[in-house]
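What the coordinates show
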Amino acid sequence: MKFLVLPGDGIGPEIIESAVAVLKEVDQKHGLGIEYDYQDIGFASLEKYGTTLRPDLLESARAYEGILLGTISHADYPRPDKGGINVSGAFRVGLDLYANVRPARTRPYITSNLREGKTMDLVIMREATEGFYPDRNMARGWGEVMPSPDMALSTRKITRHCSERIARRAFELAAKRRKKVTAIHKANSFHMTDGLFLEAVRTVAKDFPDVQLDDLLVDASTAHLVRNPERFDVLVATNFYGDILSDLASELSGSLGLAGSVMAGDHQCCAQAQHGSAPDIQNQDKANPTSMILSVAMLLEWIGEKKAMPLWTEAGATIHNAIEKVLAEPAHRTVDLGGSTGTRAYTTAVIEQIRSR
């Protein structure tokens, strides 16, 4: 099985290096037989090819069973017509990786940013191919325009098809967890777009009578995440709301550095850390690779379930368990978690846990 590895910008190459090292160790333990193909994206690609993402690379990515995508600094890229393509957005739309799955949970041995006594264990199921994002809501052109220097307009696209399929993934996941889905919306203001999304979620809910459905306005949901996070199991949201809420949930649970994330479609899955490229700590051995490593574990579990390959599911669980053992020891924690362990030493500790099991 072949994986496409795209190191990216900022701390991307460092956390990808850590994730691949852990992946190779778990591969050896479980006999997965993974091959790796490295390609440049982001600023490295811009320097070599004049674009942050070559069209032929995106097309060839369809042939890989799994993708490891490093962090990208797309806010610092030139305009799209100057080669500054948002790599994440292009992969989500180009490969139809419509489900951005972002878990967030507290751990008893990691200090959270919630009030004392509060816990969290939820998954945000974020639709990733449409919404307010201007690089993915038009078949041709761009979803933002400026009719005059003093006026800017943005177009939002919500479709029944995309809303129903992300809702179905949310209900399928909730059926394996605590059997509750919360639909996030602002239908009191966006009557048509969020109204359509909510209607689609309610339609899908009829196929899952054992799963409870409720809904919350997006602004109210932020308050509940802080005040009463235990009420949530699986949250399903459009692109923009899901992006914001997942960062909030992960930071409340302890740190964005602990937030695994995959972009999944019906036939392919991509592991990508939830956080940004953090160029301010680039090449300083300060990056926390946990999010990228956990994202790889989620990728293995996706392959295991999708392709009925239990060894891959077991390999993902091995990584999850090793991470928990390492995080439970204060001496192994990285700077963002209040420790002093560097990226490489942390990675070594995770590998040693895998070997010891």
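Before reading on, note that the structure itself is shown above.
Residues numbered from 1 in each chain as written. Predicted model: local features only at pLDDT ≥ 70, side-chain atom pairs only at ≥ 80, totals over all residues. Heavy atoms only, no water.

A look at the overall build of the protein chain
As a reminder of what qualifies: Working definition: helices are DSSP H or I runs of at least four residues, strands are E runs of at least two. Numbering for both runs from the N terminus. Just to be clear, the radius of gyration here is over C-alpha atoms, and the globule rule we use is 2.2 Å times residues to the power 0.38. Throughout, exposure labels follow a simple rule: accessible area from a 1.4 Å probe, protein chains only, divided by the maximum for the residue type, with under 20% read as buried, over 50% as exposed, and the rest as partly exposed.
Looking only at helices and strands, the protein chain has 11 helices and 12 strands in total. For 357 residues, the compact-globule formula gives about 21 Å, and the C-alpha radius of gyration of the protein chain, at 20 Å, lands near that figure. If you line up the protein chain on its principal axes, its C-alpha atoms span 55 × 50 × 40 Å. Every one of the 357 residues in the protein chain was classed for burial, and the buried ones make up 55%.

Regarding the packing of aromatic side chains
For any pair of aromatic rings, the description consists of the separation of the ring centres together with the inter-plane angle of the planes. This is how it is decided: Only Phe, Tyr and Trp rings take part, Trp by its six-membered ring, and two of them pair if their centres are within 6.5 Å. Stacked means planes under 30 degrees apart, edge-to-face means over 60, and tilted covers everything else.
What the rule picks out here adds up to six aromatic pairs. Their ring planes at 55° and their centres at 6.1 Å tell us that Phe-3 and Trp-312 sit as a pair that is tilted. Here Trp-312 lies in helix α10 (residues 310-327) and Phe-3 lies in strand β1 (residues 2-6), a separation of 309 residues in the sequence. For Phe-3, a relative accessible area of 0% puts it in the buried group. Judged by its relative accessible area of 3%, Trp-312 is buried. Ring geometry for Phe-132 against Phe-240: centres 6.0 Å apart, planes inclined by 80°, an arrangement best described as edge-to-face. Placement of the pair is Phe-132 in the loop between β5 (121-127) and β6 (144-148) and Phe-240 in helix α8 (residues 239-253), with a sequence separation of 108 residues. You can call Phe-132 partly exposed: its relative accessible area is 24%. An aromatic cluster of three or more residues is present, and its members are Phe-132, Tyr-133, Phe-190 and Phe-240.

Brief notes about the sheet that holds strand β12 (residues 269-272)
Either a parallel or an antiparallel arrangement is found when strands of a sheet pair, and the pairing is made through backbone hydrogen bonds. Just so we agree on the cut-off: DSSP calls a pair of strands paired once it identifies at least 2 bridges connecting them. To get an axis, a line is fitted to the C-alpha atoms, and for a helix only the part in contact is used. The angle between two axes follows their N-to-C directions and goes from 0 to 180 degrees. For this analysis, residues touch if any pair of their heavy atoms sits within 4.5 Å.
Spatial ordering of the open sheet is given by β2-β1-β3-β12-β11-β4-β5-β10-β8-β9, a layout of 10 strands whose pairing is mixed. The outermost strands of the open sheet, each flanked by one partner alone, are β2 (35-38) and β9 (212-217). Mean inter-strand twist for the sheet, computed between neighbouring axes without regard to direction, equals 25°. Looking at chain direction, strand β8 (residues 180-185) and β9 are connected through six bridges and run parallel. Directly across from Ile-184, in β9, lies its bridge partner Leu-216. Against the sheet, helix α7 (residues 218-227) makes contact with β5, β8 and β9, and its axis sits at roughly 105° relative to β9, the strand it touches most. Each of β4 (99-105), β5, β8 and β10 (234-237) touches α8; the most contacted strand, β5, lies at about 155° to it.

Structural notes on the packing of helix α1 (residues 12-30) against α10
Two quantities define a packed helix pair, namely the angle between the axes and the distance from one axis to the other. The cut-off we apply is this: Angles below 35 degrees are treated as roughly parallel, those above 145 as roughly antiparallel, those between 65 and 115 as roughly perpendicular, and all remaining angles as oblique. Two helices that cross are described as forming a left-handed crossing if the nearer one is turned anticlockwise from the farther one by less than a right angle, and a right-handed crossing if clockwise. As a working rule, the residues Ala, Val, Leu, Ile, Met, Phe, Trp, Tyr, Cys and Pro are called nonpolar, Asp, Glu, Lys and Arg charged, and the rest polar, with Gly in that last group.
At their nearest, the axes of α1 and α10 sit 10 Å apart, and the two run at 130° to each other. Here α1 lies oblique to α10, going by the angle between them. Of the two elements, α1 crosses α10, and the hand of that crossing is right-handed. On α10, the residues touching Val-22, Val-26, Lys-29 and His-30 of α1 are Leu-311, Glu-314, Ala-315, Thr-318 and Ile-319. Its residues assigned to classes, the contact of α1 with α10 shows five nonpolar, two polar and two charged.

Here we look at the environment of Val-236
Within the secondary structure layout, Val-236 lies in strand β10. Of the residues examined, Val-236 reaches a relative accessible area of 0% and is grouped as buried. A sequence separation of 111 residues divides Val-236 from Met-125, and the C-alpha atoms of the two residues are 4.7 Å apart.

A word on the pattern of salt bridges
Keep this limit in mind: By salt bridge we mean one thing: a side-chain nitrogen of Lys or Arg within 4 Å of a carboxyl oxygen of Asp or Glu.
As enumerated under the stated definition, the model contains 28 salt bridges in all. In this structure, Glu-324 engages Arg-107 in a salt bridge whose closest nitrogen and oxygen atoms are separated by 3.0 Å. Taken together, the residues span a long stretch of sequence, with Glu-324 in helix α10 and Arg-107 in the loop between β4 and β5 at a distance of 217 residues. A residue is classified by how much of its surface remains accessible, and Glu-324, at 15% relative accessible area, is buried. For Arg-177, the salt bridge is made with Asp-233, and the minimal N-O distance between the two is 2.7 Å. Taken together, the residues span a long stretch of sequence, with Arg-177 in the loop between α5 (160-176) and β8 and Asp-233 in the loop between α7 and β10 at a distance of 56 residues. Using a relative accessible area of 1% as the deciding quantity, one classes Asp-233 as buried.

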